[in-house]
Amino acid sequence: RIKAFGAALLVALIAVAAPLLAVGPPVPASPSNYVVDLAGVIDDGVEARTNTLLRELEERTTAQVVVLTLPTLEGESLEAFSLDLAHNRWKLGQKGKDNGVLLTLAMQERKYRVEVGYGLEGVLPDSLVGSLGRQVLVPAFRAGDFGGGIAAMAGELATRVAADSGVTLSAAPPVAVRRSGRST
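Remember, predicted model here, so these are calculated numbers, not experimental data. (Residues numbered from 1 in each chain as written. Predicted model: local features only at pLDDT ≥ 70, side-chain atom pairs only at ≥ 80, totals over all residues. Heavy atoms only, no water.)

Student: How do you make sense of the sheet that holds strand β1 (residues 35–37) when you look at a structure like this?
Tutor: Each strand in a sheet pairs with another by means of backbone hydrogen bonds, the pair being arranged parallel or else antiparallel. Here we have four strands laid out as an open sheet, ordered β1-β2-β3-β4, and mixed in their pairing. Sheet topology places β1 and β4 (111–116) at the edges, where each strand pairs with a single neighbour. Each strand of the sheet is rotated relative to its neighbour by a mean of 10 degrees, with strand direction disregarded. Pairing of strand β3 (residues 100–106) with β4, which is carried by six bridges, proceeds in the antiparallel orientation. In the strand pairing of β4, L103 is matched with V114. Each of β2 (64–70), β3 and β4 is contacted by helix α3 (residues 78–89), which is oriented at about 35 degrees to β4, the strand it contacts most. (Pairing = 2+ DSSP bridges. Helix = DSSP H or I, 4+ residues; strand = E, 2+ residues; numbered from the N terminus. Axes fitted to C-alpha atoms, helices over the stretch in contact; angles between N-to-C directions. Contact = heavy atoms within 4.5 Å.)

Here it is as structure tokens:
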């Protein structure tokens, strides 16, 4: 009995301590704004316009879309990192609605992931999000327009969520992606 109790106690302690010991890129305890550009790849003007658009989205629909850029994942799985950050640490979206979206980009690994809360899966199904990534992010990134691609992707996500709520966002689309590789 004592051995079984000790083993159960050890398992419980590991389960509680594991998230605290998780290795991965450092991020703030909560997002400071809708765009958290830790990789420094988004121009200040583009970031400001994207923050304005995503703020309006939340004010008018209660849905939250947050963008996080990281220099590197530091060996962490993008899927596990994004899921944990969106649902457990930052708790994006409104409680009971689960209407948050996290767009995570790891620049060194050249990976991105869109984590969609259950409350928005009907509006942003995996197939649509995958298509948007291939049509919006990938071409912009290939052209070297990281900020423009990220802002355009955030704009696509926000516009679709707003339209589903019967809302038209008054904030201008954050940027247009041009072939020259620069944001406008």
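Student: How do you make sense of the nonpolar core when you look at a structure like this?
Tutor: One recurring pattern in soluble globular proteins: nonpolar side chains tend to sit buried together. Counting 35 residues, the largest nonpolar core has V67, L103, V114, L124, M153 and L157 as the members making the most contacts within it. Element by element, the count of residues in this core is highest for helix α5 (residues 146–164), at nine residues. Those residues within four positions of V114 in sequence are excluded, and the remaining contacts are V101, L102, L103, V129, M153 and L157. Residues V36, V66, F81 and W90 belong to the second largest nonpolar core, which totals 14 residues. (Core = buried A, V, L, I, M, F, W, Y, C linked by side-chain atoms within 4.5 Å. Buried < 20%, exposed > 50% of the residue type's maximum accessible area, 1.4 Å probe, protein only.)

Student: Sorry, what's going on with the environment of L120 here?
Tutor: Relative to the helices and strands, L120 resides in the loop between β4 and α4 (126–142). For L120, a relative accessible area of 6% gives the class buried. Along the sequence, L120 and D98 sit 22 residues apart, while their C-alpha atoms lie 7.5 Å from each other. If we ignore the near neighbours within four places in the chain, the residues touching L120 are A63, D98, N99, G100, V101 and V161.

Student: Just to check I follow, could you spell out unusual backbone geometry for this structure?
Tutor: A negative phi angle is the norm for most residues apart from glycine, just as the trans form is the norm for most peptide bonds. Notably, T62 is not glycine yet its phi reads approximately 75 degrees, a positive angle. Secondary-structure assignment places T62 in the loop between α2 (44–61) and β2. Residues other than glycine seldom take positive phi values, yet D98 does so here, at roughly 45 degrees. Within the secondary structure layout, D98 lies in the loop between α3 and β3.

Student: Just checking my understanding: could you explain the packing of α2 against α5 for this structure?
Tutor: Between two packed helices, both the angle of their axes relative to each other and the distance between the axes serve to describe the pair. The geometry of α2 relative to α5 is characterised by a closest axis approach of 10 Å and an angle of 15 degrees between their N-to-C directions. When the axes of α2 and α5 are compared, the pair comes out roughly parallel. Helix-helix and strand crossings are classified by hand; for α2 and α5 the assignment is left-handed. Only G147, A151, A154, G155, A158, V161 and A162 of α5 make contact with α2, whose side of the interface consists of V46, T50, L53, L54, L57 and T61. Tallied by class, residues from the contact of α2 with α5 come to nine nonpolar, four polar and no charged. (Parallel < 35°, antiparallel > 145°, perpendicular 65-115°, else oblique. Left-handed = near helix turned anticlockwise from the far one by under 90°. Nonpolar A, V, L, I, M, F, W, Y, C, P; charged D, E, K, R; others polar.)

Student: Where do I start with the packing of aromatic side chains in this structure?
Tutor: When we look at a pair of aromatic rings, we describe it by the centre distance and by the angle of the planes. Counted according to the given criterion, the structure contains one aromatic pair. For the pair F141 and F146, a centre-to-centre distance of 5.0 Å together with 75 degrees between the ring planes defines the contact as edge-to-face. Take F146: its relative accessible area is 31%, and that puts it in the partly exposed class. (Phe/Tyr/Trp six-rings, centres within 6.5 Å; stacked < 30°, edge-to-face > 60°.)

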